[in-house]
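# Understanding the architecture of this molecule
Below are the chains, spelled out letter by letter.
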Amino acid sequence: MNNIDFAINLKKIFPKIPDDFFAQINRYKLFLQKYNQKTNLTRLADENKIYSEYFYESIVPYKDFDFVKIQSLLDIGSGSGIPGIVLKLLYPYIQLTIIESNNKKVTFLKELCYHLKIKATVLNQRAENIQNKQREQFDIVTCRAVASLPIIVELSLPYLKVNGLLIAPKSQKWIDEMSASKNIIPAVGGKALPTYQFTSINHKFHAVIFIQKSKKTNHYYPRSWNLIVKDGK
């Protein structure tokens with residue numbers, strides 16, 4: 001998928017794209033490629049793969065979600081900026097916060113935001129080390145390719161406002177991960193909504209899991225990382 005194919009296919013699934021979006025994506029791509037030469041952030045160095053596997057596949061799971069009434073979005077483990085930065089470029093009015101524990105990726109994300117002239121809060125912390133002022137603060141939490149679903153649920157739900165939504169893109173193993181999450185979802189105040197499944201034009205399977213925050217999360221959660229991992233495998 002080259003830049004032209006990317007633009008054509010993205011316009012089909014995101015009808016209201018900001019005028020400067022594709023110019024911003026090109027700046028993002030060039031900055032990523034240059035930065036990646038000195039600091040290994042992603043294995044996707046080929047331009048076509050950046051457009052297809054990096055940009056397109058990272059945001060296609062959000063194609064049917066209405067962001068119009070969304071004010072705040074938290075992206076946990078954004079890495080080199082997906083999907084959080086791309087969603088911010090698509091929906092500039094969103095107040096974006098990123099949590100990333102890797103120091104070199106935090107540095108990249110801050111420099112990227114400066115380069116793209118966008119406002120975002122980039123926090124260098126582990127998601128389980130939640131601060132009281134961060135609890136129940138976000139309309140949407142997303143977490144892509146970070147961990148298994150039980151771990152993602154426990155890390156994410158404490159950050160959500162009541163009635164907020166966790167959006168967790170998953171692969172074909174999503175049924176097993178949902179089964180493994182049956183206890184932790186209600187424990188942290190969530191309820192599972194119907195899962196959306198589709199295959200993209202790149203023949204990539206997506207299962208988009210939605211967990212709604214139905215009540216406040218007990219301050220017992222999230223637990224220490226060792227306990228989360230022990231129960232979330």
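Scroll up to find the structure.
This section reports on the structure supplied with the text. (Residues numbered from 1 in each chain as written. Predicted model: local features only at pLDDT ≥ 70, side-chain atom pairs only at ≥ 80, totals over all residues. Heavy atoms only, no water.)

The buried fraction of strand β5 (residues 160–170) amounts to eight of the 11 residues, a majority that puts the element mostly inside the structure. Here strand β4 (residues 138–143) runs beside β5; their pairing, made up of four bridges, is parallel. Note that in β5 the partner of I140 across the bridge is L165. The β-α-β motif built from β4, the intervening helix α6 (residues 149–156) and the parallel element β5 has right-handed crossover chirality. Where β5 and strand β8 (residues 205–213) come together, six bridges link them in antiparallel fashion. Residue pairing in the sheet places K170 in a bridge with A207 of β8. (Buried < 20%, exposed > 50% of the residue type's maximum accessible area, 1.4 Å probe, protein only. Helix = DSSP H or I, 4+ residues; strand = E, 2+ residues; numbered from the N terminus. Pairing = 2+ DSSP bridges. Right-handed = clockwise from strand over helix to strand, strands pointing away.)

Relative to the helices and strands, Q134 is located in the loop between β3 (120–124) and β4. Look at Q134 and you get buried, because its relative accessible area is 11%. At 3.1 Å, the side chain of Q134 and the side chain of Q125 are in polar contact. Apart from residues no more than four positions distant in its own chain, Q134 is found in contact with L123, Q125, N129 and Y159. (Polar contact = N/O pair within 3.5 Å; in protein donor to acceptor, adjacent residues only side chain to side chain. Contact = heavy atoms within 4.5 Å.)

The next thing to look at is the packing of aromatic side chains. Inspection of the entire model under this criterion finds 17 aromatic pairs. Ring geometry for Y28 against Y54: centres 6.2 Å apart, planes inclined by 90°, an arrangement best described as edge-to-face. Of the two residues, Y28 sits in helix α2 (residues 21–38) while Y54 sits in helix α3 (residues 47–59), which places them 26 residues apart along the sequence. With a centroid separation of 6.2 Å and an interplanar angle of 65°, the aromatic rings of Y91 and Y93 are classed as edge-to-face. The exposure class assigned to Y91 is buried, which follows from its relative accessible area of 13%. Given a relative accessible area of 44%, Y93 falls into the partly exposed group. One aromatic cluster in this structure is built from F6, F21, F22, Y28, Y51, Y54 and F55. Cation over ring: K63 sits above F198, and NZ or CZ is 4.8 Å from the ring centre. Between the NZ or CZ atom of R126 and the centre of the ring of W225, over which it lies, the distance is 5.0 Å. (Phe/Tyr/Trp six-rings, centres within 6.5 Å; stacked < 30°, edge-to-face > 60°. Lys NZ or Arg CZ within 6 Å of the ring centre and 35° of its normal.)

The subject of this paragraph is the nonpolar core. With 48 residues, the main nonpolar core has F6, F21, Y28, F55, F67, I85 and F108 as its most contacted residues. When contributions to this core are tallied by element, the ones reaching two or more residues are α1 (3–13), α2, α3, α4 (84–90), β2 (95–100), α5 (103–116), β5 and β8. Residues L149, A207, I209 and Y221 belong to the second largest nonpolar core, which totals 29 residues. (Core = buried A, V, L, I, M, F, W, Y, C linked by side-chain atoms within 4.5 Å.)

Now for the packing of α1 against α3. For any two helices packed against each other, the geometry is given by the interaxial angle and the distance between the axes. Interaxial distance between α1 and α3 falls to 11 Å at its minimum, and their mutual angle equals 10°. The angle between α1 and α3 falls in the class roughly parallel. Residue-level inspection shows N3, F6, N9, L10 and I13 of α1 in contact with α3, the latter providing Y51, F55, Y56 and I59. (Axes fitted to C-alpha atoms, helices over the stretch in contact; angles between N-to-C directions. Parallel < 35°, antiparallel > 145°, perpendicular 65-115°, else oblique.)

At a closest axis distance of 12 Å, the pairing of α1 and α2 adopts a crossing angle of 130°. With respect to each other, α1 and α2 are oriented oblique. Here α1 and α2 pass one another in a crossing that is right-handed. For the pair formed by α1 and α2, the contact residues are F6, A7, L10 and K11 on the first element and F21, F22 and I25 on the second. Tallied by class, the residues present in the contact of α1 with α2 amount to six nonpolar, no polar and one charged. (Left-handed = near helix turned anticlockwise from the far one by under 90°. Nonpolar A, V, L, I, M, F, W, Y, C, P; charged D, E, K, R; others polar.)

In this section: α5. An α-helix turns once per 3.6 residues; consequently, residues spaced three or four apart project the same way. Over its 14 residues, α5 runs 20 Å from end to end, which matches the ideal 20 Å to within 8%, given 1.5 Å per residue. Residues of α5 that are buried include every one of V106, F108, L109, L112, C113 and L116, and no others. The arc enclosing the buried residues of α5, seen along the axis, measures out at 160°, which places them on a common side. Residues N103 and Y114 are exposed on α5 and point more than 90 degrees away from its buried face. Among the structural elements, α2, α4, β2 and β3 are those in contact with the buried residues of α5. (Expected span 1.5 Å × (residues − 1). Arc of directions from axis to C-beta.)

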